[in-house]
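# Working through the structure, step by step
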Amino acid sequence: QVQLVESGGGLVQSGGSLRLSCVASTRTVSNYALGWFRQAPGKEREFLGGISWGGGSTYYADSVKGRFTISKDGAKNKVYLQMNSLKPEDTATYYCAAGGDARTLSWSKAYTYWGQGTRVTVSS
């Protein structure tokens, strides 16, 4: 099974930036898309975007487009979520996920493997 571990969460003031990291088990994600989700307390999980591991194509949800950037480091089997201009409404637990392929990059249900999540709190 694919293993995913997120890190980099924490406390940040409104308007600040934070970069989340996700490391995947070696040689298990070559054909997958890697995505980011978040879930606030009492709310359903929200799909933020994803990146194809092979080609590096990205997809972003409208809610984070222009503020968040997804990138990858193939040599380290890592995917990143750079978050800028953070707002209190960005407060949530953020999850890294893997699944599908480049063809299903924008389809949230294609992501079937999940990390444990890392908490992000944005104060006003």
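Residues numbered from 1 in each chain as written. Predicted model: local features only at pLDDT ≥ 70, side-chain atom pairs only at ≥ 80, totals over all residues. Heavy atoms only, no water.

### Remarks on the pattern of salt bridges
In the structure shown here, the tally under the stated rule is five salt bridges. The closest approach of N and O atoms between Asp62 and Lys65, which form a salt bridge, is 3.2 Å. Owing to a relative accessible area of 67%, Asp62 belongs among the exposed residues under this scheme. Here Arg67 ties to Asp90 by a salt bridge, and the two come within 2.8 Å at their closest N and O atoms. In this pair, Arg67 is assigned in the loop between β6 (58-60) and β7 (68-73) and Asp90 in the loop between β8 (78-83) and β9 (92-99), connecting sequence segments 23 residues apart. The same class applies to Arg67 and to Asp90, which are both buried. Here the salt bridges share partners, and the residues they tie into one network are Arg38, Glu46, Arg67 and Asp90. (Salt bridge = Lys/Arg side-chain N within 4 Å of Asp/Glu carboxyl O. Buried < 20%, exposed > 50% of the residue type's maximum accessible area, 1.4 Å probe, protein only. Helix = DSSP H or I, 4+ residues; strand = E, 2+ residues; numbered from the N terminus.)

### Some details on the packing of aromatic side chains
Here the structure, examined in full by the defined rule, presents seven aromatic pairs. Ring centres of Phe47 and Tyr111 lie 5.4 Å apart, and the angle between their planes is 40 degrees; on these two criteria the pair is classed as tilted. Here Phe47, found in strand β5 (residues 46-52), pairs with Tyr111, found in the loop between β9 and β10 (113-114); they are 64 residues apart in sequence, far enough to count as distant. Measuring from centroid to centroid gives 6.4 Å for Tyr95 and Trp114, while their planes differ by 80 degrees, and the two rings are edge-to-face. Pair noted here: Tyr95 is in strand β9 and Trp114 is in strand β10, with a separation of 19 residues, a long-range link. For Tyr95, a relative accessible area of 14% translates into the label buried. Its relative accessible area of 32% is what places Trp114 among the partly exposed residues. Put simply, the rings of Phe37, Phe47, Tyr59, Tyr95, Tyr111 and Trp114 pair up and form one aromatic cluster. Residue placement shows Arg45 over the ring face of Tyr95; its charged tip is 4.0 Å from the ring centre. Over the ring of Trp114 we find Arg45, and its NZ or CZ is 4.4 Å from the ring centre. (Phe/Tyr/Trp six-rings, centres within 6.5 Å; stacked < 30°, edge-to-face > 60°. Lys NZ or Arg CZ within 6 Å of the ring centre and 35° of its normal.)

### Structural notes on the environment of Tyr32
Note on placement: Tyr32 falls in the loop between β3 (18-24) and β4 (33-39). Separated by 90 residues in sequence, Tyr32 and Val122 place their C-alpha atoms 31 Å apart. When near neighbours in sequence (up to four residues on either side) are disregarded, Tyr32 contacts Val2, Ser52, Trp53, Ala98, Gly99, Gly100, Asp101 and Tyr113. (Contact = heavy atoms within 4.5 Å.)

### Concerning the state of the cysteines
Each disulfide consists of one covalent bond between the sulfur atoms belonging to two cysteines. What the rule picks out here adds up to one disulfide. Bridging Cys22 to Cys96, the disulfide has an S-S length of 2.2 Å. Since a negative S-S torsion denotes a left-handed disulfide, the Cys22-Cys96 link at about -80 degrees is left-handed. Residue Cys22 is found in strand β3, and its partner Cys96 is found in strand β9; the two are separated by 74 residues along the sequence. Both residues of the pair, Cys22 and Cys96, count as buried. (Disulfide = S-S within 2.5 Å.)

### Some remarks on the sheet that holds strand β1 (residues 4-7)
The antiparallel open sheet is built from four strands, whose spatial order is β1-β3-β8-β7. Looking at which strands have only one partner, the edges of the open sheet turn out to be β1 and β7. Taken over all neighbouring pairs, the strand axes of this sheet differ in orientation by 20 degrees on average, direction set aside. With six bridges joining them, β3 and β8 adopt antiparallel strand pairing. Bridge pairing in β8 links Leu18 to Met83. (Pairing = 2+ DSSP bridges. Axes fitted to C-alpha atoms, helices over the stretch in contact; angles between N-to-C directions.)

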